[in-house]
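Letter by letter, the chains look like this.
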Amino acid sequence: MRILVTGAAGMLGRDLVPVLSQTHRVKGVDLENFDIADRIAVAGFIQAEKPEAVIHAAAYTNVDTAESDPATAMAVNGRGAENVAAACREVGARMILISTDYVFDGEKRTPYLESDRPDPVNAYGRSKLEGEILARRALPSVTVVRTAWLYGTGGESFITKILAAARGRNRLEVVTDEVGSPSWTVDLSAALKRLLEAGASGPLYHLAGSGACSRYELATELFSLLGIKNCQLEPVSKESFQTPARRPEYSALASERLGLENIEPLRHWRETLSEFAALLSSQI
Ligand SMILES: NC(=O)c1ccc[n+]([C@@H]2O[C@H](COP(=O)([O-])OP(=O)(O)OC[C@H]3O[C@@H](n4cnc5c(N)ncnc54)[C@H](OP(=O)(O)O)[C@@H]3O)[C@@H](O)[C@H]2O)c1
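Keep in mind the model is a prediction, meaning the values are calculated, not measured.

Draft legend 1. Structural view of the site of the ligand. Around the ligand sit 27 residues, and of these Gly7, Gly10, Leu12, Ala59 and Leu150 come closest. The set of elements that each furnish at least two residues to the shell around the ligand consists of helix H1 (11-21), helix H4 (70-91) and strand S4 (94-100). With 3 residues, H1 is the largest single contributor of residues to the shell around the ligand. Taken together, the residues of the shell around the ligand break down into 15 nonpolar, 8 polar and 4 charged.

Draft legend 2. Broad picture of the environment of leucine 253. Locating leucine 253 in the fold gives a position in the loop between strand S12 (232-236) and helix H9 (257-260). Note on leucine 253: 27 C-beta atoms within 10 Å, which makes it buried. With 142 residues separating them along the chain, leucine 253 and proline 111 place their C-alpha atoms 4.8 Å apart. Look past the residues within four positions of leucine 253 in its chain and what remains in contact with it is Asp101, Pro111, Tyr112, Arg146, Ala148, Ser181, His206 and Ala208.

Draft legend 3. Molecular detail of the nonpolar core. Core analysis: the biggest nonpolar cluster contains 79 residues, and Val5, Val84, Cys88, Met95 and Leu192 have the highest contact counts within it. Sequence-distant contacts of leucine 192, defined by excluding residues within four places in its chain, comprise Leu16, Ile55, Ile96 and Val145.

Draft legend 4. Representation of the environment of cysteine 213. Relative to the helices and strands, cysteine 213 resides in strand S11 (residues 213-214). Assessed through the 22 C-beta atoms surrounding it within 10 Å, cysteine 213 is described here as buried. Distance from cysteine 213 to glutamate 130, taken between C-alpha atoms, is 28 Å for residues 83 residues apart in sequence. Setting aside anything within four residues of it in sequence, one finds cysteine 213 in contact with Val179, Pro182, Leu218 and Trp269.

Draft legend 5. Seen up close, the sheet that holds strand S1 (residues 2-6). Here 6 strands make up an open sheet; going across it, the order is S2-S1-S3-S4-S5-S10 and the pairing parallel. A single partner strand is all that each edge strand has here, and the edge strands are strand S2 (25-29) and strand S10 (204-206). Taking each pair of neighbouring strands and ignoring which way they run, the sheet shows an average axis angle of 20 degrees. Taken together, the 4 bridges between strand S3 (residues 53-56) and S4 define a ladder with parallel strand orientation. Residue isoleucine 55 lies in a different strand from S4, and its bridge partner there is isoleucine 96.

Draft legend 6. Region of the structure containing the packing of H4 against helix H5 (residues 123-138). It is at 8 Å that the axes of H4 and H5 come closest, and there the two elements cross at 20 degrees. Regarding the angle of H4 to H5, the classification is roughly parallel. The element H4 and its partner H5 pack so that their crossing is right-handed. Within the contact between the two elements, H4 uses Pro70, Ala73, Met74, Asn77, Gly78, Arg79, Gly80, Ala81, Glu82, Ala85, Ala86 and Arg89 and H5 uses Ala123, Tyr124, Ser127, Lys128, Glu130, Gly131, Leu134, Ala135 and Ala138. A class-by-class count of the residues in the contact of H4 with H5 yields 11 nonpolar, 5 polar and 5 charged.

Draft legend 7. Looking closely at the environment of glutamate 264. Topologically, glutamate 264 is positioned in the loop between H9 and helix H10 (269-283). Note on glutamate 264: 12 C-beta atoms within 10 Å, which makes it exposed. Sequence separation of glutamate 264 and isoleucine 133 is 131 residues, and the distance between their C-alpha atoms is 27 Å.

Draft legend 8. Expanded view of helix H2 (residues 39-49). Every buried residue of H2 is listed here: Val42, Phe45 and Ile46. Down the axis of H2, the smallest arc covering the buried residues is 90 degrees, so these residues share one side. Residues of H2 that are exposed and point more than 90 degrees away from the buried face comprise Ile40, Gln47 and Ala48. Buried residues along H2 sit in contact with H4. One or two steps after H2, the chain reaches lysine 50, where phi turns positive at roughly 45 degrees.

The rules behind the values
- By convention here, each chain's residues receive numbers from 1 onward along its written sequence.
- Selection of residues for local features in this predicted model requires a pLDDT of at least 70, selection of side-chain atom pairs for listing and counting requires 80 or more, and totals for whole chains, interfaces and linings are taken over all residues.
- Each residue receives a C-beta atom built from its backbone; the residue is near a molecule or strand if that atom lies within 6 Å of it.
- Segments assigned H or I by DSSP are reported as helices when at least four residues long, segments assigned E as strands when at least two residues long, and all are numbered from the N terminus.
- Gly falls in the polar group here, along with every residue not listed as nonpolar (Ala, Val, Leu, Ile, Met, Phe, Trp, Tyr, Cys, Pro) or charged (Asp, Glu, Lys, Arg).
- Residues with at least 20 other C-beta atoms within 10 Å of their own are called buried, those with 12 or fewer are called exposed, and the rest are partly exposed. The C-beta atoms themselves are positioned from the backbone.
- Contact between two residues is assigned when their C-beta atoms, built from the backbone, lie within 7 Å.
- Only buried residues count toward a nonpolar core: Ala, Val, Leu, Ile, Met, Phe, Trp, Tyr and Cys, linked into one set through C-beta atoms within 7 Å.
- By this definition, two strands are paired if DSSP reports at least two bridges between them.
- For helices, the fitted line uses only the C-alpha atoms of the stretch in contact; every axis is such a line through C-alpha atoms, and the angle between N-to-C directions lies from 0 to 180 degrees.
- Should an angle fall under 35 degrees it is taken as roughly parallel, and over 145 as roughly antiparallel, whereas 65 to 115 is taken as roughly perpendicular and any remaining angle as oblique.
- By the definition used in this description, the sense in which the near helix is turned from the far one sets the handedness, with an anticlockwise turn below a right angle giving left-handed and a clockwise turn giving right-handed.
- This arc is built from the directions going out from the helix axis to the C-beta atoms.

Below, the structure written as structure tokens:
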């Protein structure tokens, strides 16, 4: 299959392009190729390439700066997704739009399913939800894939931030009241490949690491796997941290659709974290 991946230089894109390239002809594009907020540039590029499928991973992903610049977040995540969808419609390409757990308000205490109603609590979440809606309006066959708490070797994540923060400190506070589904970009890439190859055409799938944990549990497990003993992790409430954007307290995802369509879900977050930690250790 000829596949175009937007956001190829981002954290997910850097793993997604090589994983898909194992069996497909893949072209990765990023901001240097075109700005997804520029409708004419998007249409021109996709018209020239005529991909059979587009995985749209490019996004404005800074949750905190989105709060002070919601217009840019909306232009990129909302209308940008619409631009890609409209261009896919013109060339008859199928589209997978990558979205987020942050479309939910975090009030639930069991994993959010595809049938749960989104109600974002921050500007980033609102812009991503708008992207889902506008893309579907432009291309009714679009498949939205919501994922969560990404980490990988190709970008900044909670994991890279916590490791950087621990350097030179003997104590680090980590919140217990933010719970989610950590997802390794390599595992998500493999699941996206399975989804494409299975011809899955449902409107919406949740693809995130199985299970759920708090930021504190995630950091504790990571430090244990990496043998970090000189920095003590302290559990705290998020009231101790002021951030410009409010985050959902609970945004774990689970899928009721993957099982129905016999598509293998992502592995448990502990299993993939352990593989990721082994990879990090081998690179030191
Ligand atoms: N990271 C997470 O925890 C998380 C969780 C749930 C869902 N997601 C979603 O997963 C997808 C991939 O996330 P990620 O973590 O890989 O993001 P990322 O590392 O920030 O990568 C996004 C890529 O999109 C590019 N981009 C930004 N604005 C653009 C524009 N106007 N035109 C073209 N390209 C543009 C960025 O380029 P620059 O770097 O040059 O700006 C970057 O290379 C996104 O849709 C995100 O919303 C992420």
